[in-house]
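Coordinate inspection notes
Here's the letter readout for the chains.
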Amino acid sequence: MDNRHIRFSDRQEDVDLEQLQGLLKIGAFWAKERTVAGLAIAIANSKPVVTVWDGDRLIGHARATSDGVYRATIWDVVVDPDYRGAGLGRKLVQTVLSHPHVCDVERVYLMTTHQQQFYKHIGFEQNSSTTLVLFNQGIDRVDSDHQITTSELTQAII
């Protein structure tokens, strides 16, 4: 496949949320139920956000969260099934890893269900020491219209 016309972007404003939702539905079994509203929040709280484009068509996506020094986590790596096997996934992950918010952190984490070998080829190693997860579904959530203020947080701690 000739990929010279493929374009990578690390501009959050380039993300087309409708196309991203569609891409996740066809290319990521773990994200088929994500909503546009939820994706908007995830994108707004991630840096970098990298997208891959074939013209106006979104064909790849990955994002990361990072403290910029100690830890970063890569999330939502997906490539359109029609474009897999051409090296775009590798370049997508490498683009995230080379971003200034990720490139100098001590450890970069990534969770995957079936793609361990793919990520090992990029340099990731199996890590059995970080196996805890909290499924937050049962915890009472703050009303989405109510933002917790610093004084409320202080009162809750005291």
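Whatever comes next refers back to the structure up there.
The sections below set out a description of the structure shown in this document. Here the structure is a predicted model, which means the values were calculated and not measured. (Residues numbered from 1 in each chain as written. Predicted model: local features only at pLDDT ≥ 70, side-chain atom pairs only at ≥ 80, totals over all residues. Heavy atoms only, no water.)

1. Structural notes on the packing of helix α1 (residues 17-27) against helix α2 (residues 36-44)
At a minimum axis distance of 10 Å, the contact between α1 and α2 shows a crossing angle of 105°. Here α1 lies roughly perpendicular to α2, going by the angle between them. Across from Leu17, Glu18, Leu20, Gln21 and Leu24 in α1, the residues of α2 making contact are Val36, Leu39, Ala40 and Ile43. Looking at the contact of α1 with α2 residue by residue, the classes come out as seven nonpolar, one polar and one charged. (Axes fitted to C-alpha atoms, helices over the stretch in contact; angles between N-to-C directions. Helix = DSSP H or I, 4+ residues; strand = E, 2+ residues; numbered from the N terminus. Parallel < 35°, antiparallel > 145°, perpendicular 65-115°, else oblique. Contact = heavy atoms within 4.5 Å. Nonpolar A, V, L, I, M, F, W, Y, C, P; charged D, E, K, R; others polar.)

2. Looking at α2
Where α2 is concerned, the buried positions are Leu39, Ala42 and Ile43. The buried residues of α2 occupy an angular sector of 95° when projected down its axis, which confines them to one face. Residues of α2 that are exposed and point over 90 degrees away from its buried face: Ala37, Ile41 and Ala44. (Buried < 20%, exposed > 50% of the residue type's maximum accessible area, 1.4 Å probe, protein only. Arc of directions from axis to C-beta.)

3. Examining α1
For α1, the full list of buried residues reads Leu20, Gln21, Leu23 and Leu24. Along the axis of α1, the buried positions cluster into a sector of 160°, meaning they face one direction only. Opposite the buried face of α1, by more than 90 degrees, sit the exposed residues Glu18 and Ile26. In this fold, the buried residues of α1 make contact with α2, β3 (57-66) and β4 (71-79). For α1, the N-terminal capping position is held by Asp16, with its side-chain oxygen 3.1 Å away from the main-chain nitrogen of Glu18. (Polar contact = N/O pair within 3.5 Å; in protein donor to acceptor, adjacent residues only side chain to side chain.)

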